[in-house]
Every structure is written in C-alpha cells, then in structure tokens.
Amino acid sequence: MSTLSGEKSAAVPIPIPKPLYNKIEERIEGTEFTSVTDYVTYVLEQVVSETEEEKEVYSEEDERKIKERLRSLGYL
Amino acid sequence: MPKPHGGKLVNRILTGKERERALAEAEKLPKIKVNDKLVKDVENIANGIFSPLEGFLGQEDYLNVLNQKRLANGLPWAIPILLDVDRDSVNSLREGDDAVIVNGEDGISAIMHVEEIFGFDKKEMARQVFGTLDEGHPGVKKVYGMNEFLIGGKIDLVSRSKSPYHRYCLTPMETRILFREKGWRTIVGFQTRNVPHLGHEYVQKTALTFVDGVFINPVIGRKKNGDFKDEVILETYEALIQNYYLKERAVLAILQTEMRYAGPREAIFHAIVRKNFGCTHFIVGRDHAGVGSYYPPYAAQEIFEEFPDLGIVPLFFTSFFYCKRCGGVANEKTCPHDRQHRIEFSGTKMREMLSNGEKPPYELIRPEVADIIMRWENPFVEVE
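Calculation rules
- Residues numbered from 1 in each chain as written.
- Chains lettered and ligands numbered in written order.
- Predicted model: local features only at pLDDT ≥ 70, side-chain atom pairs only at ≥ 80, totals over all residues.
- Core = buried A, V, L, I, M, F, W, Y, C linked by C-beta atoms within 7 Å.
- Buried ≥ 20, exposed ≤ 12 C-beta atoms within 10 Å, placed from the backbone.
- Helix = DSSP H or I, 4+ residues; strand = E, 2+ residues; numbered from the N terminus.
- Domains from an automatic or database assignment.
- Contact = placed C-beta atoms within 7 Å.
- Nonpolar A, V, L, I, M, F, W, Y, C, P; charged D, E, K, R; others polar.
- Pairing = 2+ DSSP bridges.
- Arc of directions from axis to C-beta.
- Axes fitted to C-alpha atoms, helices over the stretch in contact; angles between N-to-C directions.
- Parallel < 35°, antiparallel > 145°, perpendicular 65-115°, else oblique.

J.: So what exactly am I meant to see when it comes to the nonpolar core here?
T.: The tendency in soluble globular proteins is for nonpolar side chains to be buried side by side. Residues and elements named next belong to chain B. The biggest cluster of nonpolar side chains holds 111 residues, and the ones touching the most others in it are Val42, Ile101, Ala110, Met112, Ile155, Val188 and Phe215. Take this core: its biggest share by element is seven residues, from helix H10 (residues 264-277). When residues are assigned to domains, this core turns out to be shared by domain 1 (16-157) and domain 2 (166-375), each giving three or more. Setting aside residues no more than four positions away along its own chain, Phe215 makes contact with Ile187, Val188, Gly189, Phe190, Val251, Arg274, Phe277 and Cys279.

Below, the structure is given as structure tokens:
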C-alpha cells in the first residue's frame, strides 16, 4: 500500500461493517478505484490531511519578503 | 486551502551559496539550449506551479501519462512536460551527469540532472495527447517539430528569465500567502486566453457567490493566430476588475506557459496547476482548451469523472448567451425565451466586429473593455 507521498508501508487490517463494505463496493463500480481498500484509504487520507497543519516550505523571512512584494504590487 | 498536488509544494530555486556554487560549476557543464517558452516551464517546475514535478518527465512517467493520464505513482497528470533535444546535444550528454539549461536571451536558467535520455514516438504522443494526427492542430504541429530525444531528470533553477509581465507573476507560495492574508478559505480559479466578455464575467461571478474569492489566471505564452495579444488580455482584465469587481474578491495573476490546445487533458492539467496556486475550485466551460472542432464540446468536463482523486472541485458551466427578454446573461437552463431574443457570445463574431473597427454591443463586452481593444491597431496574435 502506498501513502500520499508514494512510500510503501505495512498494511493494518481494519474491520468495517459488511453492509458498509457492500455499499462502497457498489459505489466504486466503473470508477478508477480498483478495490474497497483503495477507496477507503483515499477517503481517510483526505480526512487526515485536512486536520494536519500545512507544513510550510518557507521561512518567516521568506514570508516577510513575500508579503512585502505583494504589498508593493498592490495585492495586499 | 488544498495541499499542493502530491502533498508538497516543490521548491527547486537555488539561492545564496548554493546558487553561487552552481553558477561557478555551470561554466564547465555541457549546455542544453532551450527557447524562451521552454524556459518558462523550467521556472514553473522550480517554483512549484507544476508540483509534484521536480523536473522533466523520465520515460516511465512519460509513458504512464500518455497511456493512463497519471504519473507512475498513480497521481493524476495529463500533459507530458518534456525537454526535447537533438542528436548533437545527446552526444554531449550522459545519464548521471549534470548539464546547464541556457536560454539564448537570458543566459543560464537552471542545472539539469540528466537521469535518462530516451527516444519517443511522435505520432503516438500526438494521438494520445491531442486525439488526432492532423498537422492542422497546433499542438500536433508542435510535436512533429520537436527534436528526436527526450531528457528526463530534476532541475534546479539558477536564474529567472525576464518578463514584461513581472508584476503579474506570482508563485504558488505567494498566492497561498495572499489568499490566507485576504481571509479566503475557498477560491475559484478561472483559466482564460481571451479578453473578457460578459459571459466570462457572469461565470466568474456565479462561482464567486459560493466561494470567498476568484483567482483570474490568464495563460501568457505561445498562442495561435487570432488569439488576443497578452498585453491586451491583461489591460482589459485590469479595466474589468477595476470597474466591475470588488477589489477584495478578485486577484489577477498570470500563468506563463504555452497553450497546448489539448482540450480534455489540458483541462485536468489546468485544474492541477490552479490547485497548486491554492484554489479549491476550478471553472470548466464549454470546449475548455479546445481548438477548432477537434473535441466534443463538453469532453473537457466529462474527463473529470476519471479523476475522483484530483483534489480540486470542478465547476461546470454550459454555454451562455445574452437574452434581451431576460435582460441579462442566461443559458438554456435559466432562460425560457425563443432564440430570436438571444445575442450569442461568439468569439469569431466579436473578432470580426473589432477587426472592422466596430464596437461590440454592451450586451457582449463592457464598454471599458471594448475601448481598450479598439485602441490597439492590431490586438491579435500573428504567428508566422
């Protein structure tokens, strides 16, 4: 199983109710998701990533310079 | 705000001592000459606009994009971003070595880490990406004119090229901070290569009723004959926003890349790029990124069904017209009146009127926009 960043990791089985499994199986028919596992993993990754704070790729100094540029150009 | 495509904003811009070291070493490296259009894509890769790409595609990713519209790791990606070189260049390069990408006008652009050198089937690329082998298609013509070999590998940007539109060039890092500072949590991206008419304005404002802000993002770069010049597009959008939009609800910035005219595939590509800028939604109209009649009118909307994992919400609009009975812009879902009351937003007709020095009616184009276009002796692109 791959994570969002593409790394391989060991899988952990998580039981879900059979009726829910069947519903998901119906839902993914004809879509790009090839298994219930794929779909559930995707949905949970979305939920988890929304609650994680975005890791900034810029420093405070970068941010200060960016805001200065945006102000000088009239965007802020 | 959505995370960048692939989860992380790429930043491959060298600064400080790293940049100085690269510049010093660049003198000894073999050179790969590129034109000013390809240099823009080098910069787009480096500043994260094309996240998660960190360089030009290698063969595995290239073939996957062609056949699956996804990278080898499964991430949606529909337009191959490639560096093509001729045999002479290939003879001076080796896999595993570094080379320097140079642009004739601006000098050294980036360091290229050459990972792969491979050949490719031009017809297959044209067929897959554009759905046609017809050389009348501008994208196909360009593919047939490409060099024989492709180089895959990461790049590190050393110097940015000059741009007359520097004032409108924002990176994803900048737009994300801008949207945050403006307090926008939901942003709709609007792609265009045209001057604005009332149909465009209507679509943007309809979307704006559901989100916090609109990011108007014209493509500035290689276009085809008959498209409006970049300067005209920017000047008319400035006038439109100044007169008809709330300043706190609209941002205008450019995307410096070529139009591929790849229709559906390019719609996905455009959506991903706007996601990288921080947009949560993306407007897709009739025949998005189309040319002539190569693509069915709504194929660029239907393709989104293949990508439930795209990470940006497409907003689909059918074609609009001005209805004199409704007294405004409408479409077939909102207007009950006969066709005789309609004024169509025909790009061809508007171009014809403007070329003849005739001001299009206010029902089609805002007068401030029309005045600007008509001040230009020739507002249209002429490609040799």
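Next comes the rest of the account.
J.: Got a minute to help me understand the domain arrangement of chain B in this structure?
T.: Accessible area lost upon the coming together of the parts is a frequently used measure of interface size. Residues and elements named next belong to chain B. Domain annotation for chain B reports domain 1 (16-157) and domain 2 (166-375). On a C-alpha basis, the centres of domain 1 and domain 2 stand 29 Å from each other. Counting from both sides, the interface comprises 19 residues of domain 1 and, opposite them, 26 residues of domain 2. Taken together, the elements giving at least two residues each to the side of domain 1 that touches domain 2 come down to helix H2 (36-46), helix H5 (122-130) and helix H6 (138-144). With four residues, the top contributor of residues to the side of domain 1 that touches domain 2 is H2. Split by residue class, the side of domain 1 that touches domain 2 holds seven nonpolar, eight polar and four charged.

J.: What exactly am I supposed to notice about the pairing of strand E4 (residues 98-103) of chain B here?
T.: Along any regular strand the residues' side chains alternate between the sheet's two faces. Residue and element names in this part refer to chain B. Relative to E4, strand E1 (residues 31-34) is paired through four bridges, and the arrangement is parallel. Within the sheet, the bridge partner assigned to Lys33 lies in E4 and is Val102. Of the pairings in the sheet, the one linking E4 to strand E5 (residues 107-113) comprises six bridges and is antiparallel in character. Its bridge partner lying in E5, Val102 is registered against Ile108.

J.: Mind showing me how you'd approach helix H13 (residues 367-375) of chain B here?
T.: The periodicity of an α-helix, 3.6 residues per turn, causes residues three or four positions apart to be oriented the same way. All names here are of chain B. For H13, the complete set of buried residues consists of Val369, Ala370, Ile372 and Ile373. Summarising the axial view, the buried residues of H13 lie within an arc of 160°, below the 170-degree limit, and thus occupy one face. Against helix H9 (230-244) and helix H12 (347-355) lie the buried residues of H13.

J.: Mind showing me how you'd approach the sheet that holds strand E16 (residues 342-344) of chain B here?
T.: Strand pairing in a sheet is mediated by backbone hydrogen bonds. Such pairs are either parallel or antiparallel. Residues and elements named next belong to chain B. The three strands lie next to each other as E15-E14-E16, forming an open sheet whose pairing is antiparallel. Two strands close off the open sheet at either side, each with one partner strand: strand E15 (328-330) and E16. The mean angle between the axes of side-by-side strands here comes to 35°, regardless of whether they run parallel or antiparallel.

J.: It is not clear to me how the packing of helix H3 (residues 60-72) of chain A against helix H7 (residues 172-181) of chain B should be interpreted in this structure. Could you clarify?
T.: Two measures define how a pair of helices packs: the angle their axes make with one another and the distance between the axes. For the pair H3 of chain A and H7 of chain B, interaxial distance at closest approach is 10 Å and the crossing angle is 75°. As judged from the angle between their axes, H3 of chain A and H7 of chain B are roughly perpendicular. When H3 of chain A is examined against H7 of chain B, the residues Glu63, Ile66, Lys67 and Leu70 of chain A are found in contact with a partner set consisting of Met173, Glu174, Ile177, Leu178 and Glu181 of chain B. Across the contact of H3 of chain A with H7 of chain B, the residue classes break down as five nonpolar, no polar and four charged.

J.: Looking at this structure, I do not really get the environment of Ile81 of chain B. What am I missing?
T.: Residue and element names in this part refer to chain B. Topologically, Ile81 is positioned in the loop between helix H3 (59-68) and strand E3 (84-85). Given 20 C-beta atoms within 10 Å, Ile81 falls into the buried group. For the pair Ile81 and Gly152, spaced 71 residues apart in sequence, the C-alpha separation works out to 9.6 Å. Beyond its immediate chain neighbours, meaning those up to four positions away, Ile81 contacts Asp41, Phe50, Leu53, Phe56 and Leu57.

J.: Help me understand H7 of chain B in this model?
T.: H7 of chain B sits mainly inside the fold: eight of its 10 residues count as buried. Among the residues making up H7 of chain B, those that are buried are Pro172, Met173, Glu174, Thr175, Arg176, Ile177, Leu178 and Phe179 of chain B. The elements touched by buried residues of H7 of chain B are H3 of chain A together with strand E8 (187-192), strand E9 (213-220), strand E10 (250-252) and H10 of chain B. Once H7 of chain B finishes, Gly183 of chain B follows within two positions and takes phi at roughly 80°, a positive value.

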